[in-house]
Every structure is written in C-alpha cells, then in structure tokens.
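Next come the chains, spelled out residue by residue.
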Amino acid sequence: MRWDRTRLPALAAALRERLGAAHVSGEPERLEPYGRDESDTGTFPPDLLALPGTAEEVSAVFALCQAHGVPFTPVGARSGKSGGSLPLHGGVSVSLERMNRILALSTEDLTAVVQPGVITGDLMKAVEAVGLFYPPDPNSWEWCTLGGNVAENAGGPRALKYGVTRDYVLGMEWVLPSGERMRVGKNTIKGVAGYDLVGLFVGSEGTLGVATEITLQLLPRPRHVVTALCCFPGVLGAARGLAAVLAGGLLPRTLELLDDLSVEAVARRGVAFPPGTGAAIILEVDGNHEEALYEELSRAGELLAAHGALETVVARDEVQREKLWAARRVLSTALRALRPHKISEDICVPRSRIPAAVERFKALGAELGLTVVTYGHAGDGNLHANILYDSPTERPRVEAAIRRMLEITVQLGGTITGEHGVGYAKRDYLPLEQPAPLRALQVGIKRLLDPSCLLNPGKIFPDP
Ligand SMILES: Cc1cc2nc3c(=O)[nH]c(=O)nc-3n(C[C@H](O)[C@H](O)[C@H](O)COP(=O)(O)OP(=O)(O)OC[C@H]3O[C@@H](n4cnc5c(N)ncnc54)[C@H](O)[C@@H]3O)c2cc1C
C-alpha cells in the first residue's frame, strides 16, 4: 500500500492540537513496542502513536487520518496472536489504553458498561465482587483488553459451557473508519430491530471501526467450582476420553487438553503429575450445588478411566486450583523455553474430530521431522497446535507443515482460526476455507465502510 509520507508532520501537528502534546508521540523508543504483538510475525513500528481519551477524540483522530490520507491501526494490549494490531504499513497506532474505566455495573439488569481499554481480568474481578460473572476468559485475561476481545471475538477455556465474547455483547458505541460515531445493538437481552451489526463488528479484527463503549451481559456467579486434573499415558487416549465425556451428556465448564510436551512445560512450573503421564485434561465443573458437582466429576472420571486415565486428582483448595491454571495460562510462553522458535496455530474442528486432528498433526510432525505440540480448549474443538523448531533455516519446512495442518483442519470440517483471528498471520490461508465469492462479499463490506482502506490495511484479506 502506498501513501504520502510527507503528510505526516502536518498530521502530527493536527493530532497534538486535538489531543494535547502528551498524548501524541513520534519518538522511536515510545513507538517500538507498538510494532510488536504475540504473533511472532515481525516488527512493524508505527510512525506516530495517538492516545485518545474519549470517543470524541477517537472520532477526531480517525477523521484527521482520513483527511491526511495516512493509515491508522487500533491497538489494545498487544496480546494478539494474529498480528491484528500491527501497523503493517506504518502510519498511526491508535491506542485505546487510556479509555480504561468500568462505567456502570448493574446487579438488577445484570449488565456492565465498559470502555474498551478495561483489562478483561479487572472486569471479571469487579463483577465477581458483586456476585456476578463475566464468563469469557481468554488465557491472557490478566493483561488483554475488552476492546481487543471484542475485535477478536475472544474465547477461552470456559467457552465450552458459556460461549465466547460475542455471546455477551449487547450493544456498543462504535466509531466508523470515517470518524462517524453511532450506537449499535441494544441494552436489552432480546432485540431484533434491523441487521445484527453487533454480530458483524464483534470479530471484525479492527478493520471496520472501533468500540469506544461496550455494554456486556453478565450472569449470576456460580457458587461452586471444582477443578480436576486427569492424567493419561498418551494424548490419543486423552482426546478420546474428552470426546466420551461430552458424548456422555456432561457439560463441564472447561475441558483443556495438554499433550506430552505441554505436560512437561506445565510440570516445570511446579505442577506435579503422576509417573507415566503423557497427556492430561483439566476438567472444571461449576454450579450452585457442590454435591451435584462431585457427582458429575465422578461420572466424568468413570468415562475417562474407560479410556485409560491413570489418575484423576481434584484440586484441594483455591491455591492448588490457581497454581494449575497459572501454569496453563503461561503454557504458550513456557513452550518457548523448550525450543528457540515456536509457531502456534489455533484451529477448531467439530468435537468428534479432535482425536483425528491430534493423531494427524502428530503424524505430520513425524513425517516432516518437526516437533508438534498440541494443547488447548479441546472441549469445544479449539486446539492450539504448535510447531517448535531450532533455527530460522527450518522455516520453509515449518510453513509447509502449517499449510498441511490447516488443510487437514478444513478436511475434518473445521476452521483455520478458532479464536485468534486471521489478521496478518493467516490472511494467505483464508482461501483454504472460504471460496472467492465469500471473500469478495466481505471485501465489499470493508470497502463500503472504509472506501479509502486506511483503517488497519492488510488484515484478514491481502492488501487493497
Ligand atoms: C498467553 C496468551 C494466551 C491467550 N489466550 C487466549 C485465549 O484463551 N483465547 C483467545 O481468544 N485469545 C487468546 N489470546 C490472544 C489475545 O489475548 C486475544 O486475541 C485478545 O482478545 C487480544 O486483546 P488485546 O487487547 O491484546 O488486543 P490487541 O492484540 O492489541 O489487538 C487485537 C485486535 O483488536 C483490535 N482492537 C483493539 N482495540 C479495539 C477496539 N476498541 N475496537 C476495535 N478493535 C480493536 C486491533 O486493531 C487488533 O486487530 C492469548 C494471547 C496470549 C499472549
């Protein structure tokens, strides 16, 4: 994408005038972190950083970028794994980090109104303090933002029972690429007036505008949660066990799968596994009656034992529970300690196809001489298949493996991204899943809302 860089000084001056000099930066050391995220796809620093503090300011930043013909890219906490916040073509990074207030919390309506820069974990804690529950729990909840969650339609371990971010967004204040502000959606649980624009905007990966205010639905907090770690000799048994639990009429709130190398990485964080463990499942149930939860666990234990579970250990207390989840949350990072390079895929298959996916990914690794690690929110079919490798010279083989993995996924009836988004990382693979007319329809929507294609160019679809 070409744009006129000589317009930058004039744009910088206009942004400083509108936001104040403290909230606009062109200093390389301030810009550098905004050129990276957790996707391992490279570094693309912006030319300018703008930090609007209100929806009016977001709107003004967008309008100024449009007027100067300079690309602009929204950014949350940069925990994204598909490169969505990377300003591929430079221009302005528009960070929502200053807009970080919980504006309202209603225990009567069971709703929260938040600004987009609120950290997901801060909302979770605030609603739990008043007896409510915000279920979407991306494992990055300690630092990702709700705006980023909306953009990626983030899921998490609890999606198995409770669904993903889209299931909790009732309405939003939205700033279109032109800078125009509007409210979409509603404040009520039901409401079908007009097209479902919330459905379109949630998951639009920062390419159709930004959320400047989000109204979220909450649930009553379940009174009890019980967590168990089920250990298996190998990953195939675990994958089959997991499918059996779901087919057995049980709906735990999480069923997280760890294969042999994931178990090794988690063990390094101090979680003890019985000897011979080559795979594990973290199973969690919740509800208001503790006894019923232990009954569910016991039924799940029987089904898992029938598929070769070595042992099922129930977390004794909150400390043990949190230790297990803390190890799971850092798993993605911990795997980097095993090998210098890692590429993480985020596929989703129909749940019945999980054992087939795990088996075929391992076989692919063996065929290509690559280490494949599979873990993830397998209860809903969402697997994180990672390739670990030693040197950048192996990259062509790794790229070939990724393509084959995604082809296998689509053959199994799955999708190339369950929750991390297409962004920059997967835009070249989208044709594996979606035919040309479907892609063209979506490019048409993008063009309608952003005719200049200045908002977050190069994401989801190749460059305009
Ligand atoms: C260790 C680790 C674990 C993770 N676990 C999970 C998981 O379990 N489930 C999951 O779904 N993801 C997971 N992720 C991925 C990531 O955390 C999510 O995609 C998250 O939603 C990104 O939020 P962010 O604030 O960091 O957004 P960023 O990475 O900064 O941006 C992501 C996208 O959102 C856009 N954006 C940012 N703010 C707004 C806004 N206000 N309006 C519109 N668009 C906006 C950006 O342009 C970009 O396209 C994990 C990441 C890590 C590093």
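Residues numbered from 1 in each chain as written. Predicted model: local features only at pLDDT ≥ 70, side-chain atom pairs only at ≥ 80, totals over all residues.

Quick word on the overall build of the protein
Rules: Only DSSP runs of H or I reaching four residues or more are called helices, and only runs of E reaching two or more are called strands; each is numbered from the N terminus. Partly exposed residues are those falling between the two cut-offs: more than 12 but fewer than 20 other C-beta atoms within 10 Å of their own, whereas 20 or more means buried and 12 or fewer means exposed, with C-beta atoms placed from the backbone. In this description, any two residues whose backbone-derived C-beta atoms lie within 7 Å of each other are considered to be in contact.
Counting secondary structure elements, the protein contains 16 helices and 18 strands. If you line up the protein on its principal axes, its C-alpha atoms span 70 × 60 × 40 Å. Taking all 464 residues of the protein together, the buried fraction comes to 48%. Long-range contacts, defined here as pairs at least 24 residues apart, represent 73% of the contacts in the protein between residues at least 6 apart.

As for the domain arrangement of the protein
The line we're drawing: Domain extents, as shown, originate in an automatic or database domain assignment. In this classification, the charged set is Asp, Glu, Lys and Arg, the nonpolar set is Ala, Val, Leu, Ile, Met, Phe, Trp, Tyr, Cys and Pro, and all remaining amino acids, among them Gly, are polar.
Taken domain by domain, the protein holds domain 1 (5–98), domain 2 (102–220), domain 3 (224–332) and domain 4 (339–429). Class assignment for the residues of the side of domain 2 that touches domain 3 results in three nonpolar, one polar and two charged.

As for the environment of G20
Note that G20 resides in the loop between α1 (8–19) and β1 (24–25). On the basis of neighbour counts, which here come to 12 C-beta atoms within 10 Å, the residue G20 falls in the exposed class.

Things to note about the sheet that holds strand β17 (residues 371–377)
In a beta sheet, neighbouring strands pair by backbone hydrogen bonds and run either parallel or antiparallel. Using the following cut-off: Following DSSP output, two strands are said to pair if at least two bridges run between them. Note on method: axes are straight lines fitted to C-alpha atoms, helices fitted across the in-contact stretch only, with angles between N-to-C directions ranging 0 to 180 degrees.
Here we have seven strands laid out as an open sheet, ordered β15-β12-β14-β13-β17-β18-β16, and antiparallel in their pairing. In the strand order of this sheet, the two ends are held by β15 (311–314) and β16 (341–348), each with one partner. Geometrically, the sheet is characterised by an average inter-axis angle of 20° between neighbouring strands, direction not taken into account.

Brief notes about the environment of H23
Along the polypeptide, H23 turns up in the loop between α1 and β1. When near neighbours in sequence (up to four residues on either side) are disregarded, H23 contacts A50, L51 and G53.

Overview of the sheet that holds strand β3 (residues 72–75)
Pairing is mixed across the open sheet formed by four strands, whose spatial order is β1-β2-β4-β3. A single partner strand is all that each edge strand has here, and the edge strands are β1 and β3. By the bridge criterion, three bridges tie strand β2 (residues 48–50) to strand β4 (residues 92–95) in an arrangement that is parallel. Each bridged residue has a counterpart across the sheet, and for A50 the counterpart in β4 is V94. Its contacts with the sheet place α1 against β1 and β2, and it is angled at close to 20° to β2. In this fold helix α3 (residues 55–68) packs onto β2, β3 and β4, with an angle of close to 170° to the strand it touches most, β4.

Examining unusual backbone geometry
If you check the backbone angles, N153 has positive phi at about 50° while not being a glycine. With respect to the element layout, N153 can be found in the loop between α5 (146–152) and α6 (159–162). Its identity as a non-glycine residue notwithstanding, I460 has a phi of 65°, on the positive side. Among the structural elements, I460 can be located in the segment after α16 (436–449). Classification of I460 as buried rests on a count of 22 C-beta atoms within 10 Å.

Considering the site of the ligand
Stated formally: Any residue whose backbone-placed C-beta atom lies within 6 Å of a molecule or strand is treated as near that molecule or strand.
Residues in close proximity to the ligand total 38 residues, the closest being G76, G84, G147, G148 and G206. Broken down by secondary-structure element, the contributors of at least two residues to the shell around the ligand are β3, α5, β10 (210–217) and α12 (331–334). Here the element with the most residues in the shell around the ligand is α5; it accounts for six residues. If you count residues domain by domain, the shell around the ligand takes at least three from each of domain 1 (5–98) and domain 2 (102–220).

Notes on helix α9 (residues 260–267)
One turn of the α-helix equals 3.6 residues, which is why residues spaced by three or four share an orientation. For α9, the set of buried residues is L261, S262, V263, A265 and V266. Where α9 is buried, its residues contact β13 (254–258), β14 (279–287), α11 (318–329), α12 and β17.

Considering the nonpolar core
As a reminder, the rule being used: What makes a nonpolar core is a set of buried Ala, Val, Leu, Ile, Met, Phe, Trp, Tyr and Cys residues, with links drawn between C-beta atoms within 7 Å.
One finds C230, A238, A239, L242, A280 and I281 to be the most contacted residues of the largest nonpolar core, which totals 62 residues. Among the elements that take part in this core, helix α8 (residues 235–247) stands out by supplying seven residues, more than any other. The next biggest cluster of nonpolar side chains, apart from the first, holds 51 residues, and it includes A12, I119, L123 and V184.

Focus on the environment of R328
In this fold, R328 is placed in helix α11. If we ignore the near neighbours within four places in the chain, the residues touching R328 are N139, E256, V266 and I282.

What to know about the pairing of strand β9 (residues 181–185)
Across five bridges, strand β8 (residues 169–175) lies against β9 in antiparallel orientation. Note on β9: the bridge partner recorded for G171 is G185. Hairpin connection from β8 to β9: five residues lie between these consecutive antiparallel strands, with G179 at a positive phi of about 105°.

Points about the packing of α8 against helix α13 (residues 354–368)
The following threshold applies: Geometric relationships in this document are graded by angle, where less than 35 degrees denotes roughly parallel, more than 145 denotes roughly antiparallel, 65 to 115 denotes roughly perpendicular, and other angles denote oblique. Whether a crossing is left-handed or right-handed is set by the direction in which the near helix is turned from the far one by less than a right angle, anticlockwise for left-handed and clockwise for right-handed.
Orientation of α8 relative to α13, taken along the N-to-C sense of each, is 165°, at an axis distance of 8 Å. Judged by the angle between their axes, α8 and α13 are roughly antiparallel. You can see that α8 and α13 cross each other, and the crossing is right-handed. From α8, V235, L236, A239, R240, L242 and A243 reach across to α13, where they touch I354, P355, V358 and E359.

A look at α11
Definition in use: One fewer than the residue count of a helix, multiplied by 1.5 Å, yields its expected span. As used here, the arc is the angular range of directions from the helix axis to the C-beta atoms.
In this model, α11 (12 residues) spans 16 Å end to end at C-alpha, consistent with the 16 Å of a helix rising 1.5 Å per residue. Where α11 is concerned, the buried positions are L324, A327 and R328. The arc enclosing the buried residues of α11, seen along the axis, measures out at 105°, which places them on a common side. Seen from the open side of α11, the exposed residues pointing more than 90 degrees away from its buried face are E318 and V319. On its buried face, α11 sits against β12 (224–232), β13, α9, β14 and α12.

Comments concerning the pairing of β10
Burial within β10 is extensive, with seven of its eight residues counted as buried. Bridge analysis of strand β6 (residues 111–114) against β10 gives four bridges, and the strand direction is antiparallel. Across the sheet, V114 pairs through a bridge with I214, a residue of β10. The pairing of β8 with β10 spans six bridges and is classified as antiparallel.

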